[in-house]
Amino acid sequence: MSKSRFRGEYPVIGIRPIIDGRRGPMKLRESLEDQVMAMANAAKKLFEENLFYSNGEPVKVVMADSSIGRVPETAACADKFKKEGVDITLSV
């Protein structure tokens, strides 16, 4: 088998589930939470099942721990992505 010509680490994909951050009597954020997370999980599954690195391994996909609607959630996501080495992001 030939030596890999790829230099460095393989890229990691990060998924950012973004939601309208408004809270209050209309419960806008709460009503969309499940739908947004379901879309993010579906995208993660799609990538992991259909995209592969040149060595045959499935791509590594990292998803934010929660939906992102305000600054603290954005900062937590950015910190996680930095630690995981995320190079490519998808916002759903």
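Remember, it's a predicted structure, so these values are computed and weren't measured experimentally.

Regarding its fold elements, the protein chain presents two helices and three strands. Order of helices (α) and strands (β) in the protein chain, N terminus to C terminus: β-α-β-α-β. Against the globule reference of 12 Å for 92 residues, the protein chain gives a C-alpha radius of gyration of 16 Å, more extended than a compact globule. Taken over the C-alpha atoms alone, the protein chain extends approximately 65 × 25 × 15 Å along its principal axes. Expressed as a percentage of its 92 residues, the buried residues of the protein chain come to 26%.

With that settled, the discussion passes to the environment of Arg29. Mapped onto the elements of the fold, Arg29 is located in helix H1 (residues 28–50). Arg29 sits 40 residues away from Gly69 along the chain, and the two C-alpha atoms are 8.3 Å apart. Every residue in contact with Arg29, bar those within four places of it in the chain, is listed here: Ile19, Asp20, Gly21, Arg22, Arg23, Ser67, Gly69, Arg70 and Glu73.

As a further point, take the nonpolar core. Ile13, Ile15, Met37, Ala40, Ala43, Phe47, Tyr53, Val59, Val61 and Met63 together form the largest nonpolar core, which totals ten residues. Taken together, the elements giving at least two residues each to this core come down to strand E1 (12–16), H1 and strand E2 (60–63). No other element matches the four residues that H1 contributes to this core. Contacts of Tyr53, omitting those with residues within four sequence positions, involve Tyr10, Pro11, Val12, Pro58, Val59 and Lys60. Core analysis: the second largest hydrophobic core is formed by seven residues, Val12, Val62, Ile68 and Val86 among them.

Here we come to the sheet that holds E1. With respect to topology, three strands assemble into an open sheet ordered E2-E1-E3, the strand pairing being parallel. Looking at the sheet topology across the chains shown, the edges are occupied by E2 and strand E3 (86–91). When strand polarity is set aside, the average angle formed by the axes of neighbouring strands in this sheet is 30 degrees. Inspection of the sheet shows E1 paired to E2 by four bridges, in the parallel sense. Paired with Gly14 across the strands is Val62, a residue of E2. Lying on the sheet, H1 is in contact with E1, E2 and E3; it crosses E2 at an angle near 170 degrees.

The pLDDT averaged across the protein chain works out to 89; a share of 93% of its residues lies at or above 70. For the protein chain, H1 is the element with the lowest average pLDDT, namely 91, and E1 is the one with the highest, namely 97.

Residue position: Ser67 is located in the loop between E2 and helix H2 (71–84). Within the structure, Ser67 has its side chain in polar contact with the side chain of Glu33 (distance 2.5 Å). When sequence neighbours within four positions are dropped, the list of residues in contact with Ser67 reads Pro17, Ile19, Arg29, Glu33, Met37 and Glu73.

Calculation rules
- Residues numbered from 1 in each chain as written.
- Predicted model: local features only at pLDDT ≥ 70, side-chain atom pairs only at ≥ 80, totals over all residues.
- Heavy atoms only, no water.
- Helix = DSSP H or I, 4+ residues; strand = E, 2+ residues; numbered from the N terminus.
- Rg over C-alpha atoms; globule rule 2.2 N^0.38 Å.
- Buried < 20%, exposed > 50% of the residue type's maximum accessible area, 1.4 Å probe, protein only.
- Contact = heavy atoms within 4.5 Å.
- Core = buried A, V, L, I, M, F, W, Y, C linked by side-chain atoms within 4.5 Å.
- Pairing = 2+ DSSP bridges.
- Axes fitted to C-alpha atoms, helices over the stretch in contact; angles between N-to-C directions.
- pLDDT = per-residue confidence, 0-100.
- Polar contact = N/O pair within 3.5 Å; in protein donor to acceptor, adjacent residues only side chain to side chain.

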